[in-house]
Amino acid sequence: MDEAINEIFFTGGTLCGYAAAGIFYLLLPVAAFLWMKKYRAARVYPVVTGIIAYFLAVRFSDLLANMIGFGQTAAVKTVLAAELVCWLEESARFLAMRWPVTDIRNTHSAVCFGIGHAGLECWIRGFQKFRIFHFGQEINNAGVSQFIENRHLQHTPELAEQLRGYAENGFLLSMLDILNSVTDFGFHFALSLLIFKKMQETNFQKRWLLLAILLHYVLNGAVWLASFTQDALFIKLTGIICGAGIILFVFRLIDGRACMDEIRFRLDTDA
């Protein structure tokens, strides 16, 4: 096992891919906010609300997973958290749209909420990319054994497999990560608008919240099932295709073109 783990090496293309993906993840929410600002539709308060909603949903899912999975392995708790987060994220989205204190009363604010919600997730993933980039540099310079010793980690097959997976995530896969970040971002926009628009209808039905939860499960479940192939390319393509499909489905439900016109032409500023 020691010989196998010492063969791990991050190529220049792999490191560049991680750096490019990290930069893109950090800049995407900023670009979305500036796009809204271009049409004088940017709102800081809903962005902050979206950030808080995402943070609380993830923290509560981790807390509940630790409580339910007490005594279980970290892998089991991770699966539990992934199952719970779909309910908690969409419930947080629903409550944020419903409570008057959040002041989300028009399409502009709903989209800005989505920017905050998806933006925090993007930034977390962006910092993860830079963290792996740093790992790769350290492994290339000092070797895997020294890297593990510096972090007081234990040599295990699981750790070796994880580091090898990082090293094999080449430049092309990082470009797919960038494309996946766009579909994930759009996915959160779509679900935010789905709940907001349906809440504006007379006699709002809770089935729309359940639909949002189901669509979240569809995306997470599709990627989870694809992960059994252990083919990184297939996993990423699955996430991109499924995410894009959900975006198109939701935009047909809510007339996404009309939503974009409301932003571009400020049709619902005073709604």
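Computed from a predicted structure; not experimentally measured.

Our focus in this paragraph is empty space enclosed by the protein. Summed over the entire model, instances satisfying the criterion amount to one cavity of 30 Å³ or more. Looking at the largest cavity, its volume works out to about 30 Å³. Of all the secondary structure elements, the ones that give two or more residues to the lining of the largest cavity are helix 5 (107-142) and helix 8 (171-199). Considered class by class, the residues forming the lining of the largest cavity number three nonpolar, one polar and three charged.

Turning next to the nonpolar core. What tends to happen in soluble globular proteins is that the nonpolar side chains get buried as a cluster. Counting residues in each nonpolar core, the largest one holds 47 residues, and the members touching the most others are M36, M97, L194 and V250. For this core, the secondary-structure elements that each account for two or more residues are helix 2 (12-38), helix 3 (44-68), helix 4 (74-98), helix 5, helix 8, helix 9 (207-227), helix 10 (232-254) and helix 11 (256-264). Top element by residues in this core is helix 8. It accounts for ten residues. When sequence neighbours within four positions are dropped, the list of residues in contact with M97 reads I104, A110, F113, S192, I195, F196 and M199. With 13 residues, the next largest nonpolar core counts I132, F147, L159 and A167 among its residues.

Quick look at the side chain of E89 now. The topology assignment puts E89 in helix 4. One buried charge, E89, has no salt-bridge partner; the nearest side chain with opposite charge is R93, at 4.4 Å. Here H117 takes part through its side chain, which lies 2.8 Å from a polar atom of the side chain of E89.

On to the pattern of salt bridges. This structure, assessed with the given rule, holds ten salt bridges. Measuring nitrogen to oxygen at the nearest pair gives 2.8 Å for the salt bridge that ties D184 to R125. Note that D184 is positioned in helix 8 and R125 in helix 5, a separation of 59 residues in sequence. Put simply, D261 and R264 hold a salt bridge, and the shortest N to O gap is 3.4 Å.

Another aspect to go through is the environment of A19. As for its placement among the helices and strands, A19 is situated in helix 2. Residues A19 and F127 lie 108 residues apart in sequence; the distance between their C-alpha atoms is 9.9 Å. Apart from residues lying up to four places away in sequence, A19 is in contact with F130 and F133.

Both the distance between ring centres and the angle between the ring planes are used here to describe each pair of aromatic rings. The final tally for this structure, using the stated rule, is four aromatic pairs. Ring centres of W35 and Y39 lie 5.2 Å apart, and the angle between their planes is 70°; this geometry places the pair in the edge-to-face category. When the centroid spacing of 4.9 Å and the interplanar angle of 75° are considered together, the rings of W224 and F228 count as edge-to-face. The exposure class of W224 is partly exposed, given its relative accessible area of 48%. Classification of F228 as exposed rests on a relative accessible area of 56%.

Right, let's get into the packing of helix 9 against helix 10. For the pair helix 9 and helix 10, the least separation of the axes is 8 Å and the interaxial angle reads 165°. Comparing the axis directions of helix 9 and helix 10 gives the class roughly antiparallel. As helix 9 packs across helix 10, the resulting crossing turns out to be right-handed. In this structure, helix 9 uses W208, L211, L215, V218, L219, A222, V223, A226 and S227 to contact helix 10, whose residues at the interface are F234, I235, T238, G239, C242, G243, I246, F249, V250 and L253. Across the contact of helix 9 with helix 10, the residue classes tally to 15 nonpolar, four polar and no charged.

About the criteria used
- Residues numbered from 1 in each chain as written.
- Predicted model: local features only at pLDDT ≥ 70, side-chain atom pairs only at ≥ 80, totals over all residues.
- Heavy atoms only, no water.
- 1 Å grid on protein atoms, 1.4 Å probe; cavity = no way out; pocket = protein on both sides within 12 Å on 5 of 7 lines; lining within 4 Å.
- Points joined across faces, edges and corners; volume = space filled by probe spheres on them.
- Helix = DSSP H or I, 4+ residues; strand = E, 2+ residues; numbered from the N terminus.
- Nonpolar A, V, L, I, M, F, W, Y, C, P; charged D, E, K, R; others polar.
- Core = buried A, V, L, I, M, F, W, Y, C linked by side-chain atoms within 4.5 Å.
- Buried < 20%, exposed > 50% of the residue type's maximum accessible area, 1.4 Å probe, protein only.
- Contact = heavy atoms within 4.5 Å.
- Lys, Arg positive; Asp, Glu negative; His and termini not counted.
- Salt bridge = Lys/Arg side-chain N within 4 Å of Asp/Glu carboxyl O.
- Polar contact = N/O pair within 3.5 Å; in protein donor to acceptor, adjacent residues only side chain to side chain.
- Phe/Tyr/Trp six-rings, centres within 6.5 Å; stacked < 30°, edge-to-face > 60°.
- Axes fitted to C-alpha atoms, helices over the stretch in contact; angles between N-to-C directions.
- Parallel < 35°, antiparallel > 145°, perpendicular 65-115°, else oblique.
- Left-handed = near helix turned anticlockwise from the far one by under 90°.

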